[in-house]
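# Chain and residue survey
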Amino acid sequence: MYRPLPKKKEKHRVNENIDARKVRLVGDSSIENGIYSIQEALLFSKNRELDLVEINPKLNPPVCKILDYKKFLYEQKKRKKQFKAKQIKVNTKEIRFGPQIGDHDGKVKIKSAEKFLMRGDKVKVFVFFKGRSIVYKDQGKIKLLKFAEEIEEYGKVEQMPVMEGKRMYMILAPKKF
């Protein structure tokens, strides 16, 4: 049994697919902007061997432009791609340690945080409290602030130390070089 393939839905209505009686033409320098009947607008577009494209169907009358539809779609796609390329995705890396971390272990953690910040990632630094170590909250806060002080060349504190459950955290953002 033969079943036709579903038609790809166009983003804009073009030429005879525009169902309004009157349209507002904009953008073409050879034609004065204004409201025209659909027949007049189609005639203008056929004379220029271009397409009549409905840009904003929500207005009354709908806004249309006379242009090359394939070129219009290509330029839109290209613009979208450029916009996407300019966006920067920021990752958040996590570093955790206890309130009684040794100096050497702390330096290792600082080195890895520097590496993350140099790459442009944010760093979320945790001090986790297990069992009775929750008594040392102030010691954990001091460790976090010393960590921020050591790394201040590469990043700045975006959020000061905050206690959340059994862990205290602080967020560092990379500095712009």
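Bear in mind that the values here come from a model prediction, so they are computed numbers and not experimental data.

## What to know about the overall build of the chain
What the chain contains, in helices and strands, is four helices and eight strands. For the chain, the succession of helices and strands along the chain, N to C, is β-β-α-β-β-α-β-α-β-α-β-β. Here the C-alpha atoms of the chain give a radius of gyration of 30 Å, more than 25% beyond the 16 Å that 2.2 N^0.38 yields for 177 residues. Taken across its 177 residues, the chain has 34% of its residues classed as buried. In the chain, 55% of the contacts between residues at least 6 apart in sequence involve partners at least 24 apart.

## Digging into the sheet that holds strand 3 (residues 51-56)
Here we have four strands laid out as an open sheet, ordered 2-1-4-3, and mixed in their pairing. Each edge of the open sheet is held by one strand with a lone partner, namely strand 2 (34-37) and strand 3. Strand-to-strand twist across the sheet, computed as the mean angle between neighbouring axes with direction ignored, equals 45°. Bridge count between strand 3 and strand 4 (residues 63-67): five bridges; the pairing is antiparallel. Among the inter-strand pairings, Leu52 is bridged to a residue of strand 4, identified as Ile66. Here helix 1 (residues 38-47) sits on the sheet and contacts strand 1 (22-25), strand 2, strand 3 and strand 4; the angle it forms with strand 2, its principal contact strand, is near 95°.

## Observations regarding a negative patch on the surface
Taken together, the side chains of Glu149, Glu150, Glu152 and Glu153 make up a negatively charged region of the molecular surface. Along the chain, the position of Glu149 falls in helix 4 (residues 137-150). Its relative accessible area of 60% is what places Glu149 among the exposed residues.

## Looking at the pattern of salt bridges
Pairing is possible between side chains that carry opposite charge, provided their charged atoms lie close to one another. For the structure on display, the rule yields six salt bridges. Of the charged contacts in the structure, one is a salt bridge between Arg13 and Glu54, with a shortest N-O distance of 2.8 Å. With Arg13 in the segment before strand 1 and Glu54 in strand 3, this residue pair connects regions lying 41 residues apart in the sequence. Across the pair Glu158 and Lys122 runs a salt bridge whose closest N-O atoms are separated by 3.0 Å. A residue pair is termed long-range when its members are at least 10 positions apart, and Glu158 in strand 7 (residues 155-164) and Lys122 in strand 6 (residues 122-128) qualify at 36 residues. Look at the salt bridges and you will find they share partners, linking Arg13, Asp19 and Glu54 into a network.

## Re the pairing of strand 2
A one-sided burial pattern is seen for strand 2, the buried positions being Gly34 and Tyr36 and the unburied ones Ile35 and Ser37. Note that strand 1 and strand 2 share four bridges and pair antiparallel. Among the inter-strand pairings, Leu25 is bridged to a residue of strand 2, identified as Gly34.

## Looking at unusual backbone geometry
For the bond from Asn60 to Pro61, the omega torsion is -5°, close enough to zero to count as cis. Here Pro61 lies in the loop between strand 3 and strand 4. One non-glycine residue, Glu49, lies in positive phi territory at about 55°. Among the structural elements, Glu49 can be located in the loop between helix 1 and strand 3.

## Some thoughts on the sheet that holds strand 6
Where strands meet in a sheet, backbone hydrogen bonds hold them as pairs that are either parallel or antiparallel. Across the sheet, which stays open at both edges, the four strands sit in the order 5-6-8-7 with mixed pairing between neighbours. If you trace the sheet from one side to the other, it starts and ends with strand 5 (92-97) and strand 7, each paired once. The mean inter-strand angle of the sheet, taken between neighbouring strand axes irrespective of direction, is 20°. Both strand 6 and strand 8 (residues 167-174) contribute to a ladder of six bridges, which runs antiparallel. The residue bridging Phe126 from the neighbouring strand is Tyr169, located in strand 8.

The rules behind each value
- Residues numbered from 1 in each chain as written.
- Predicted model: local features only at pLDDT ≥ 70, side-chain atom pairs only at ≥ 80, totals over all residues.
- Heavy atoms only, no water.
- Helix = DSSP H or I, 4+ residues; strand = E, 2+ residues; numbered from the N terminus.
- Rg over C-alpha atoms; globule rule 2.2 N^0.38 Å.
- Buried < 20%, exposed > 50% of the residue type's maximum accessible area, 1.4 Å probe, protein only.
- Contact = heavy atoms within 4.5 Å.
- Pairing = 2+ DSSP bridges.
- Axes fitted to C-alpha atoms, helices over the stretch in contact; angles between N-to-C directions.
- Patch = residues over 30% accessible without salt bridge, like charges linked within 9 Å, V, L, I, M, F, W, Y side chains within 5 Å.
- Areas by Shrake-Rupley, 256 points an atom, 1.4 Å probe, with all protein chains shown as cover.
- Salt bridge = Lys/Arg side-chain N within 4 Å of Asp/Glu carboxyl O.
- Lys, Arg positive; Asp, Glu negative; His and termini not counted.
- Charge placed at Lys NZ, Arg CZ, Asp CG, Glu CD.

Spatial relationships are all this shows, so hold off on functional conclusions.
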